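# Notes for the structure review
Below, each chain spelled out in residue letters.
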Amino acid sequence: MPETVPVRHGEEIDAAQLGEYLRGTFDDAGGEFEVEQFPGGSSNLTYLVRQGRAEYVLRRPPFGNTVKTAHDMRREFDVLSKLSAVYSPAPKPSLFCDDTSVIGSEFYLMERRRGLIIRGKLPGTQRVSSSHVSKGSTSEAATLETSESLRLAVCHSFIQNLCDLHTLDYKACGLESLGRIDGYNRRQVEGWTKRYETAKTHEHAELEQTITWLNANIPPESRASLVHNDYKFDNVMLDPDDLTRITAVLDWEMVTIGDPLMDLGTTLGYWMSRDAPDELLNMPFNPRVLMENITRQQLVDMYSECLGRAVPDMLYYYVFGTFKIACIAQQIYARYVKGFTSDARFANFDKFVAALGRIAANSIETGI
């Protein structure tokens, strides 16, 4: 995928008006502002704002958003302001604007990070998103298809980084008010159930069965930690010269205090088995080159190793993660059906919802 594209129809922002606002805010903001869009992502919208050599990343809620708490720009800005000081993969924000007359919504600016995002197969299928590719990086990326040791090292780094977040002292960095651990798992299951019902467009019997099972078997919280809530390779940028080094973790809109096993479960939910249908292996954010060679159990074993202790059976957390991803896909599909976005990527997301429902129901039945 290209690093940026012209802004999609229906998702435009007024560059001239934005520039006028920024010139009144930044002392050195002279010259014209240009706006392009990052084509990835499926929730909050992300733009590149360029002014001369200066570059900023702008985040705003999706058009048609009716639930402010689901896309709270102020909260995301405040979290990153504190988190970026102690957790280097978190980008540093620079400005928050609550004046909706500027671009039609609240927004914030943050620093631009550069790196590779692994999607699909590498590199011939053109499914690598790159903000910066230096000499030699393509050959290293290509070895992901041939080198088991590199694939394992990349995945281990990915899991270690998640474990680092889960073991961070969130109280020391002033983030203890983000959420409360008591009843977290129940709130997650019941909350995503309600979101699914609100966004529902079709009947999916197997997903409905999954919802019933999840609500009847909610486990107690294992412990409290910061949780990203959408940790996947599509939200992780890698150093093109060293694919085991993470240069950024993106999309912090759902970060909170919660049960880290629920967070790991979401990561596992994104991780399709090598025998999964092509429609899931080819989902636009999936690192197929890794999923076809590394299993979910290997990721769990890596997490246990990084954490330094055993983790319980992950069936419930994996099923929850699969259900949650189906809910996210359903919310996105509902926005497309209602005409709030014309992004053609979302036209078939109802098929993802159905397929994820089948996977979740089958896992419950088989215990795998």
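Presented here is a report on the structure given in the accompanying data block. (Residues numbered from 1 in each chain as written. Predicted model: local features only at pLDDT ≥ 70, side-chain atom pairs only at ≥ 80, totals over all residues. Heavy atoms only, no water.)

## Focus: the environment of E32
Where we set the bar: Helix and strand definitions here come from DSSP, where helices need a minimum of 4 consecutive H or I residues and strands a minimum of 2 consecutive E residues; each element is numbered from the N-terminal end. Note on contacts: a residue pair is in contact if any heavy atoms of the two residues lie within 4.5 Å.
Inspection of the secondary structure puts E32 in the loop between helix 1 (15–23) and strand 1 (34–37). Each C-alpha atom, one on E32 and one on G19, is 7.0 Å from the other, the two residues being 13 residues apart in sequence. Sequence-distant contacts of E32, that is, excluding residues within four places in its chain, are made with R23, R50, Q51 and G52.

## Some remarks on the pattern of salt bridges
When charged atoms on two side chains of opposite charge get close, those side chains can pair. Condition: Criterion for a salt bridge: a side-chain nitrogen of Lys or Arg within 4 Å of a carboxyl oxygen of Asp or Glu. Per-residue accessibility, obtained with a 1.4 Å probe over protein chains only, is compared with the maximum for each type, and a residue is labelled buried under 20%, exposed over 50%, and partly exposed between these values.
Counted under the stated rule, the structure contains 19 salt bridges. The residue R113 makes a salt bridge to E111 at a minimum N-O spacing of 3.0 Å. A salt bridge links R119 to D234; its shortest N-O distance comes to 2.4 Å. A residue pair is termed long-range when its members are at least 10 positions apart, and R119 in the loop between strand 6 (116–118) and strand 7 (128–130) and D234 in the loop between strand 8 (225–227) and strand 9 (236–239) qualify at 115 residues. The class of R119 is buried, set by a relative accessible area of 6%. Judged by relative accessible area, which is 7%, D234 ranks as buried. Several salt bridges share partner residues, and in doing so they unite E34, E36, R50, E55, R112 and R114 into one network.

## Some points on the pairing of strand 10 (residues 242–249)
Definition in use: Pairing between strands is defined by DSSP: at least two bridges between them are needed.
The sheet contact formed by strand 9 and strand 10 spans four bridges and is antiparallel. Residue pairing across strands places D239 opposite D242, the latter belonging to strand 10. The turn joining strand 9 and strand 10, which pair antiparallel and follow one another in sequence, is formed by two residues.

## Considerations on the packing of helix 5 (residues 184–199) against helix 6 (residues 205–216)
Selection rule: All axes here are fitted lines through C-alpha atoms, helices being fitted over the stretch that makes contact, and every angle between N-to-C directions spans 0 to 180 degrees. For classification purposes, an angle smaller than 35 degrees is called roughly parallel, one larger than 145 roughly antiparallel, one from 65 to 115 roughly perpendicular, and anything else oblique. Each helix crossing is assigned a hand: it is left-handed if the near helix lies turned anticlockwise from the far helix by less than a right angle, otherwise right-handed if that turn is clockwise. Throughout this entry, Asp, Glu, Lys and Arg are counted as charged residues, while Ala, Val, Leu, Ile, Met, Phe, Trp, Tyr, Cys and Pro are counted as nonpolar. The remaining residues, Gly among them, count as polar.
Packing of helix 5 against helix 6 leaves a shortest axis separation of 10 Å and a crossing angle of 155°. Classified by the interaxial angle, the pair formed by helix 5 and helix 6 is roughly antiparallel. The two elements helix 5 and helix 6 cross, and the hand of that crossing is left-handed. Note on element contacts: helix 6 touches helix 5 through L207, E208, I211, L214 and N215, opposite R186, V189, E190, T193, Y196 and E197. When the residues that make up the contact of helix 5 with helix 6 are grouped by side-chain class, the tally is five nonpolar, two polar and four charged.

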